[in-house]
Amino acid sequence: MAHPLAARALNDEPPAGLTEAMMENLVREFYSRGRKDPLLGPIFEEKLAGHWEEHIAKLTDFWSQIGLRTGRYSGRPLPAHMALGLEPRHFGAWLALFEATARDVLPPAGAAFFVARAHRIAESFQLGLNIGDKALDFRALQGRRED
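Since the structure is predicted, the reported quantities are computational estimates derived from the model, not experimental observations.

Student: Describe the overall build of the protein, with residues and values.
Tutor: Across its full length, the protein holds eight helices and zero strands. Counting from the amino terminus, helix and strand elements in the protein follow one another as α-α-α-α-α-α-α-α. Within the protein, the proportion of its 147 residues that are buried is 39%. Looking at the protein alone, contacts between residues at least 24 apart form 74% of all its contacts between residues at least 6 apart.

Student: So what's going on with the side chain of Gln126? Residues and values would help.
Tutor: By the element assignment, Gln126 lies in helix α7 (residues 108–129). Once residues within four sequence positions are removed from consideration, Gln126 is found in contact with Pro88, Phe91, Ile131 and Gly132.

Student: Outline the packing of aromatic side chains, listing residues and values.
Tutor: All chains considered together, the criterion is met by 14 aromatic pairs. Centroid distance Phe30 to Phe44: 6.1 Å. Interplanar angle 70°. Geometry classified as edge-to-face. Separated by 14 residues along the polypeptide, Phe30 in helix α2 (residues 20–34) and Phe44 in helix α3 (residues 41–48) bring together distant segments of the chain. Across this residue pair, the class does not change: Phe30 and Phe44 are buried. On the numbers, 6.5 Å between centres and 85° between planes, the contact of Phe44 with Trp52 is edge-to-face. Assessed through its relative accessible area of 12%, Phe44 is described here as buried. Its relative accessible area of 10% is what places Trp52 among the buried residues. Among the aromatic residues, those joined into a cluster by ring pairs are Phe30, Tyr31, Phe44, Trp52, Phe62, Trp63, Tyr73, Trp94, Phe98, Phe113 and Phe114. Sitting over the face of the ring of Phe113, Arg117 holds its NZ or CZ atom 3.5 Å from the ring centroid.

Student: Describe the packing of α2 against helix α6 (residues 88–105), naming the residues involved and giving the relevant values.
Tutor: Interhelical geometry of α2 versus α6 gives an angle of 135° and a closest axis separation of 9 Å. Classified by the interaxial angle, the pair formed by α2 and α6 is oblique. The interaxial crossing formed by α2 with α6 has right-handed handedness. The segment α2 lies against α6, with Asn25, Leu26, Glu29, Phe30, Arg33 and Gly34 engaging Trp94, Leu97, Phe98, Ala100, Thr101, Ala102, Asp104 and Val105. Residues that form the contact of α2 with α6 fall into these classes: eight nonpolar, three polar and three charged.

About the thresholds
Residues numbered from 1 in each chain as written. Predicted model: local features only at pLDDT ≥ 70, side-chain atom pairs only at ≥ 80, totals over all residues. Heavy atoms only, no water. Helix = DSSP H or I, 4+ residues; strand = E, 2+ residues; numbered from the N terminus. Buried < 20%, exposed > 50% of the residue type's maximum accessible area, 1.4 Å probe, protein only. Contact = heavy atoms within 4.5 Å. Phe/Tyr/Trp six-rings, centres within 6.5 Å; stacked < 30°, edge-to-face > 60°. Lys NZ or Arg CZ within 6 Å of the ring centre and 35° of its normal. Axes fitted to C-alpha atoms, helices over the stretch in contact; angles between N-to-C directions. Parallel < 35°, antiparallel > 145°, perpendicular 65-115°, else oblique. Left-handed = near helix turned anticlockwise from the far one by under 90°. Nonpolar A, V, L, I, M, F, W, Y, C, P; charged D, E, K, R; others polar.

What follows is the structure, encoded as structure tokens:
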């Protein structure tokens, strides 16, 4: 059975010419840049110190699942991010860094493909974490129920 990320990512196919080496390069370059980022770097270092290669392998599998339909990724990424105290500004920084990295290391069609998916992932995570412009205000919802 296909992993849910493959099924719901988008209906269109990844562009031709993507390779496993491209996926690993994207992940390695993103984290190389991310470790230097003033907002994201401290979060990465706190959670990944001593586990970088394991994380890079897992994220390479994740993006390979999306771009190459490899079927290798079987994790649940949202729960791993729940205790990080993330805010919308973290997602903005992550997206900006990811977009720049993808455009620098991938062919244009590949970069566009992954940037579109990164935006969907960021939106999905923010919904799952109940942060950002689509967060549910449970107090307001409770007030409406009492009317």
